[in-house]
Amino acid sequence: MLCGLPGSLFAALLAAGWWLYSRRRRERIPSVEGLDDPEVARAYGWIAATPQMRLLRCLVARRAVAMKSQGLAADLGCGPGLLVVELARQAAGLEVVGIDLSTEMLAQGEEHARRSRVGERVSFRRGDVRQIPFPDGALDLVVSTLSLHHWNDPVAVLDEIARVVRPGGAFLVFDLRRDMPAPAWLLLWFAQHVVVPAAIRRLNEPVGSRNAAYTPQEAAELAERSQLRGRRITAGPLWLTIEGMGV
């Protein structure tokens, strides 16, 4: 009788997981970052320093610098600035500017830059992604991670990226995909209920970000409505990208 217990427990967990997944929201629901709250901003900084997020940054930075490893780069919605530092670390030919609306996030970014070995090639600016604080054609590389689903007017931001990327420059917008498979959704649900700080949980994160994310088809439709050219949409099990070279 005891021998059957592990199997029964596993079956019960599978059934519970499937029941949770079957009740997930299908339609897109916009989310709120809440980074004007210092407690929330500090909690996001804690999450950004976790090993899984460190791995994600390394992969995104590697993909970005494979497209463009020289010149001036900007990270839109840079948060605590860890990707800014990682880009500069992976590409000695890049000068990287982090852009964010949150002064708390920018302060964290400046502190991380001071502790890094690449601080002389890293800087931060307060700015709105709907009005990227650079002239036309000024940037060789534009990246953004896990911000697309927070943009109130994503087409306007994609238009801005098209404006500031020089011909031959590169862009990479990386985000979650809402139609992620069951294991990935359940991992986010578990993180929200067990792992993340209370300040994040109050914002319904990270499940809220999944609910606000786009499917690859929806991302393609946004890009099609924008002025961004030379683009392609890629999709992984958890994520999607809008990426390409400026024309």
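Residues numbered from 1 in each chain as written. Predicted model: local features only at pLDDT ≥ 70, side-chain atom pairs only at ≥ 80, totals over all residues. Heavy atoms only, no water.

1. Some details on the nonpolar core
- Residues Phe 134, Val 142, Trp 151, Leu 158, Ile 161 and Ile 242 are the most contacted members of the largest nonpolar core, which totals 27 residues.
- Put simply, the parts of the chain that give this core at least two residues each are β1 (70-76), β2 (93-100), β4 (139-145), α6 (154-164), β5 (165-176), α10 (216-225) and β7 (239-245).
- At five residues, α6 tops the list of elements feeding residues into this core.
- Once you skip the residues sitting within four places of it in the chain, Trp 151 turns out to touch Val 129, Ser 144, Val 157, Leu 158, Ile 161, Val 173 and Tyr 214.
- Listed in part, the 25 residues of the second largest apolar core include Ala 61, Ala 88, Leu 141 and Val 143. (Core = buried A, V, L, I, M, F, W, Y, C linked by side-chain atoms within 4.5 Å. Buried < 20%, exposed > 50% of the residue type's maximum accessible area, 1.4 Å probe, protein only. Helix = DSSP H or I, 4+ residues; strand = E, 2+ residues; numbered from the N terminus. Contact = heavy atoms within 4.5 Å.)

2. Here's the deal with the pattern of salt bridges
- Summed over the entire model, instances satisfying the criterion amount to 13 salt bridges.
- Arg 202 serves as the salt-bridge partner of Glu 39, at 3.1 Å between the closest nitrogen and oxygen. Of the two residues, Glu 39 is situated in helix α2 (residues 38-48) and Arg 202 in the loop between α8 (198-201) and α9 (207-212); the sequence distance between them amounts to 163 residues.
- Judged by relative accessible area, which is 55%, Arg 202 ranks as exposed.
- The shortest N-O distance in the salt bridge between Glu 111 and Arg 115 comes to 3.3 Å. Residue Glu 111 and its partner Arg 115 are located together in helix α5 (residues 103-115), separated by four residues, close to a single helical turn.
- By relative accessible area, which is 31% here, Glu 111 ends up partly exposed. (Salt bridge = Lys/Arg side-chain N within 4 Å of Asp/Glu carboxyl O.)

3. So, the packing of α6 against α10
- At a closest axis distance of 8 Å, the pairing of α6 and α10 adopts a crossing angle of 60 degrees. In this view, α6 runs oblique relative to α10, as classed from their interaxial angle. In this structure, α6 crosses over α10, and the sense of that crossing is right-handed. Where α6 abuts α10, its residues Pro 154, Val 155 and Leu 158 lie against Leu 222, Ala 223 and Arg 225.
- Its residues assigned to classes, the contact of α6 with α10 comprises five nonpolar, no polar and one charged. (Axes fitted to C-alpha atoms, helices over the stretch in contact; angles between N-to-C directions. Parallel < 35°, antiparallel > 145°, perpendicular 65-115°, else oblique. Left-handed = near helix turned anticlockwise from the far one by under 90°. Nonpolar A, V, L, I, M, F, W, Y, C, P; charged D, E, K, R; others polar.)

4. Let's talk about helix α3 (residues 51-67)
- Here α3 spans 25 Å end to end across 17 residues, near enough to the 24 Å set by a 1.5 Å rise per residue.
- What α3 keeps buried is the set Arg 57, Val 60, Ala 61, Ala 64, Val 65 and Met 67. Each buried residue of α3 lies within a common arc of 135 degrees when the element is viewed along its axis, so the set occupies one face. Of the exposed residues in α3, the ones pointing more than 90 degrees away from its buried face are Pro 51, Gln 52, Leu 55, Arg 62 and Ala 66. (Expected span 1.5 Å × (residues − 1). Arc of directions from axis to C-beta.)

5. Remarks on the sheet that holds β4
- Here we have seven strands laid out as an open sheet, ordered β3-β2-β1-β4-β5-β7-β6, and mixed in their pairing. Of all strands in the sheet, those with a lone pairing partner are β3 (122-126) and β6 (231-235), marking the two edges. Sheet twist, expressed as the mean angle between neighbouring strand axes with direction ignored, is 15 degrees.
- When β4 meets β5, the two strands line up parallel, connected through six bridges. Each bridged residue has a counterpart across the sheet, and for Leu 141 the counterpart in β5 is Ala 170. (Pairing = 2+ DSSP bridges.)

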